[in-house]
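Take a look at the letters that make up each chain.
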Amino acid sequence: CYDNALTRNPKLTGKVSVRWIITEGGTVGTSNVVSSTTNTPELDRCIAGRVLTWVFPKPKGGGVAVVTYPFVFKQAGE
């Protein structure tokens, strides 16, 4: 997602925080951007969409797990 966004904006930096729910089976049930400093909605949507394809170990004890993770993007060397 970031590499594609860089072709349109080579100086793109920022943080995208995504919250997702890991279901009882280990798949991602929902994925949403909760905050972003990139000013690039296409990048934000792409990241949230990719998270939907991930598979995790099943949560211990059953139930679901809620995760919020910040993806930080900056150019190499900064």
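Each chain has its residues counted from 1, following the order in which its sequence is written. Totals for whole chains, interfaces and linings use every residue, but because this is a predicted model, local features are given only for residues with pLDDT of at least 70 and side-chain atom pairs only at 80 or more, for both listing and counting. Computation of side-chain values covers all heavy atoms of the structure but excludes hydrogens and water.

*Asks:* Which residues make up the overall build of the chain, and what values do they have?
*Replies:* Every helix listed is a DSSP run of H or I at least four residues long, and every strand listed is a run of E at least two residues long, numbered separately from the N terminus. Per the secondary structure count, the chain includes 2 helices and 3 strands. For the chain, the sequential pattern of α-helices and β-strands runs α-β-β-α-β. Structurally, the chain occupies a C-alpha span of about 45 × 20 × 20 Å along its principal axes. Evaluated residue by residue, the chain yields a buried proportion of 28% over its 78 residues. Here, residues are in contact when the closest pair of their heavy atoms is within 4.5 Å. Long-range pairs, those at least 24 residues apart, make up 64% of the contacts in the chain with a sequence separation of at least 6. Here the accessible surface of atoms and residues is derived via Shrake-Rupley with a 1.4 Å probe, and residues count as covered only by protein chains that are part of the display. Looking at the chain as shown, the accessible area adds up to about 5100 Å², and 55% of this sits on carbon and sulfur atoms. Counting 9 positive and 5 negative side-chain charges, the chain places the averaged centre of each group 4 Å from the other. Exposure classes here rest on a 1.4 Å probe applied to the protein chains alone. A residue is buried below 20% of its type maximum, exposed above 50%, and partly exposed in between. This count recognises Lys and Arg as positive and Asp and Glu as negative, with His and chain-terminal groups excluded. By convention, the charge on Lys lies at NZ, on Arg at CZ, on Asp at CG and on Glu at CD.

*Asks:* I'd love a proper account of the confidence of the model for the chain, names of residues and values included.
*Replies:* pLDDT expresses, on a scale from 0 to 100, how confident the predictor is about each individual residue. For the chain, mean pLDDT is 94; residues scoring 70 or higher make up 97% of the total. Model confidence for the chain, summarised as mean pLDDT per element, is weakest for helix H1 (residues 2–8) at 93 and strongest for strand S2 (residues 28–36) at 98.

*Asks:* Which residues make up the state of the cysteines, and what values go with them?
*Replies:* Put simply, a disulfide is two cysteine sulfurs that come within 2.5 Å. This model, assessed by the stated rule, comprises 1 disulfide. Each disulfide pairs two cysteine sulfurs, and for Cys1 the partner residue is Cys46, the sulfurs being separated by 2.0 Å. Taking the sign of the torsion about the S-S bond as the criterion, the disulfide between Cys1 and Cys46, at about -75°, is left-handed. Of this pair, Cys1 sits in the segment before H1 while Cys46 sits in helix H2 (residues 41–51), and the two are 45 residues apart along the sequence. Residue classification places Cys46 among the partly exposed residues on the basis of a relative accessible area of 24%.

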